[in-house]
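A closer look at the structure
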Amino acid sequence: MNFFFVIPAYKPDVKVIDLIKHLLDSPQAHITIVDDGNENKLLFENPIFQDKRVSLLHHAVNLGKGAALKTAFNYMLVLFPDVKAVITVDADGQHTAHDAIKIAQQTEGSQSLILGARSFSLSNQKIPFKSRLGNVFTRLIWLIIMGSKISDTQTGLRGVPAPLMKVCLHILPNRYEFEMEMLLKAKELNIPIEEVPINTIYLNQNRESHFNPVFDSLKIYFVLFRFSFSALISTIIDYVAFYFSLMFINVGLSFILARLLSFCVNYNLNKRFVFRKETGGIKFLLKYLVLFSANLYIGYSSIEYICFEGFSTFSSKIMVDVILFFFNFFVQREWVFKSRKSESD
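Residues numbered from 1 in each chain as written. Predicted model: local features only at pLDDT ≥ 70, side-chain atom pairs only at ≥ 80, totals over all residues. Heavy atoms only, no water.

1. Quick word on the overall build of the protein
Test applied: Numbering of helices and strands starts at the N terminus; helices are DSSP runs of H or I of at least 4 residues and strands are runs of E of at least 2. Note on classification: 1.4 Å probe, protein chains only; a residue is buried when its accessible area is under 20% of the maximum for its type, exposed when over 50%, partly exposed between these limits. A contact between two residues is defined here by any heavy atoms of the two lying within 4.5 Å. The Shrake-Rupley method, run with a 1.4 Å probe sphere, supplies the accessible areas, and residue values consider only the shown protein chains as cover.
The helix and strand inventory of the protein stands at eleven helices and seven strands. Among the 345 residues that make up the protein, the fraction classed as buried is 49%. When contacts within the protein are restricted to residue pairs at least 6 apart in sequence, long-range pairs at least 24 apart make up 76% of them. For the protein, the accessible surface area stands at approximately 17200 Å², while carbon and sulfur atoms represent 64% of it.

Now the structure itself:
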């Protein structure tokens, strides 16, 4: 089996030459490196790029890591239509050839997304504090929203199976958030995610990285926070409709009318914007109607009971909606919009 390595390179130095040399020590290695709009082309005149197992692709301008990966994915899928997986490797020296080959070996016979996982334990002094803190925060958000554990969500060393590569070509973000979108796509398609321990290397406290810890982290978190945005919009509609309808009808009918309006909006936002489903409309709609009916019964009964206990109408609704928010999210993620494996093949 051949090992196909992809290296996106923006402002690389000689470390990428050493990486390529060591990867080529494996007779199975084929390397595609993407020059992501680098102004200095001297490095790419190195004789190593003339090796028949090395392909060099160019961007006219810097388009971002995600764009570089998509360029390489498309190139590999066209040139090697039978490729089973590619291994993405960063060019900044954070990944060793040994670990990259270990990930490549792990992809043999596997249909999983393989992640090279660094150790982010508190005792690991190799890791800059900002990187450790950012990883912990992202892991927590992922666990809450996606319901699964990943120890290193931002690793650039990955074994990406061909079916996921094809889907990733449609991902719109072109920079660091692309890699978080890749994880979401794998989750959506029920592609298993496996982690393999790798060396934790941070050179000069990661000062050479082009990752902006503030702006790029915000972009990554936005990929996850869109799950809450839909709920916020629907909640605003729900409360506005509930408030105005109370002027004309009773609490029960106001609740039903407001929930009906907000659920129509929520369904369309969640289907298209949150869970990114373009097909299966009738199936999703029927399951969503079941959830809607359950919400009406649970919500109306709970508000009536809490009001009976002496709470105001609005405070009762707030308490019920907080509970229903988490109930609805997990039911939608695990049942309403969950795709079967066969649907993604």
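2. Looking at the packing of aromatic side chains
Any pair of aromatic rings gets described here by the distance separating the centres and the angle formed by the planes. Rules: Pairing of aromatic side chains requires ring centres within 6.5 Å, counting the rings of Phe and Tyr and the six-membered ring of Trp. Pairs whose planes differ by under 30 degrees are stacked, by over 60 edge-to-face, and all others tilted.
Summed over all chains, the structure comprises seven aromatic pairs. Residues Phe 4 and Phe 80 carry aromatic rings whose centres are separated by 4.7 Å and whose planes lie at 45° to one another, so their mutual orientation is tilted. Note that Phe 4 is positioned in strand β1 (residues 3-9) and Phe 80 in the loop between α2 (65-79) and β4 (85-88), a separation of 76 residues in sequence.

3. Thoughts on helix α1 (residues 14-23)
Rules: Read the arc as the range of directions from the helix axis to the C-beta atoms.
Of the residues making up α1, those classed as buried are Val 16, Ile 17, Leu 19, Ile 20 and Leu 23. Relative to the axis of α1, the buried residues are bounded by an arc of 160° and lie together on one face. Tucked inside the fold, the buried residues of α1 contact β1, β2 (29-36), β3 (54-59) and α3 (97-107).

4. Describing helix α10 (residues 313-336)
Residues three or four positions apart in an α-helix share a direction because the helix packs 3.6 residues into each turn. To be explicit about the condition: To estimate the expected span of a helix, count its residues, drop one, and scale the result by 1.5 Å.
End to end, α10 covers just 30 Å across 24 residues, shorter than the expected 34 Å (1.5 Å per residue, more than 12% under). Listing the buried residues of α10 in full gives Ser 316, Lys 317, Val 320, Asp 321, Leu 324, Asn 328, Phe 329, Gln 332, Arg 333 and Val 336.

5. Digging into the sheet that holds strand β5 (residues 113-117)
Defined as follows: Any two strands with at least two DSSP bridges between them are considered paired. Where helices are involved, their axes are fitted lines through C-alpha atoms of the stretch in contact, as for all axes, and angles between N-to-C directions lie from 0 to 180°.
Across the sheet, which stays open at both edges, the seven strands sit in the order β3-β2-β1-β4-β6-β5-β7 with mixed pairing between neighbours. The open sheet has two edge strands, β3 and β7 (193-197), and neither has a second partner. The mean inter-strand angle of the sheet, taken between neighbouring strand axes irrespective of direction, is 20°. Alignment of β5 against β7, held across five bridges, turns out to be parallel. Bridging from a neighbouring strand, Gly 116 pairs with Val 196 of β7.

6. Some thoughts on the packing of α1 against α3
The condition that has to hold: Here is the rule for angles: anything less than 35 degrees is roughly parallel, anything more than 145 is roughly antiparallel, 65 through 115 is roughly perpendicular, and the remaining ranges are oblique. Left-handed describes a crossing whose near helix is turned anticlockwise from the far helix by less than a right angle; the clockwise case is right-handed. Any residue that is not Ala, Val, Leu, Ile, Met, Phe, Trp, Tyr, Cys, Pro, Asp, Glu, Lys or Arg is counted as polar, Gly included; the first ten are nonpolar and the last four charged.
Between α1 and α3, the shortest axis-to-axis distance is 9 Å and the interhelical angle comes to 50°. In terms of their interaxial angle, α1 and α3 are classed as oblique. Note that α1 runs across α3; the crossing there is right-handed. Contact residues: Leu 19, His 22 and Leu 23 in α1; Ala 97, Ala 100 and Ile 101 in α3. Residues belonging to the contact of α1 with α3 are distributed by class as follows: five nonpolar, one polar and no charged.

7. Some words on the pairing of β1
For clarity, the cut-off: Note on handedness: a crossover is taken as right-handed if, strands pointing away from the viewer, the path from the first strand over the helix to the second is clockwise.
A large share of β1 lies buried, amounting to seven of its seven residues. Taking every second residue as pointing to the same face, both faces of β1 are buried, with Phe 3, Phe 5, Ile 7 and Ala 9 on one and Phe 4, Val 6 and Pro 8 on the other. In this sheet, β2 lies alongside β1 in parallel orientation, the contact comprising seven bridges. Looking at the pairing, Val 6 lines up with Thr 32 of β2. A crossover connection joins β1 to the parallel β2 through α1; in handedness this β-α-β unit is right-handed. Where β1 and β4 come together, two bridges link them in parallel fashion.

8. Some remarks on the confidence of the model for the protein
Applicable threshold: Confidence scores labelled pLDDT are given residue by residue by the predictor and lie between 0 and 100.
Per-residue confidence for the protein gives a mean pLDDT of 83; residues scoring 70 or more make up 82%. Across residues 341-345 the pLDDT falls below 50, and counting only partners more than four positions away or on other chains, this stretch makes five contacts in the model.

9. Section: the side chain of Ser 26
Structurally, Ser 26 can be placed in the loop between α1 and β2. By relative accessible area, Ser 26 is classed as buried at 9%. If we ignore the near neighbours within four places in the chain, the residues touching Ser 26 are Phe 3, Arg 53 and Ile 101.

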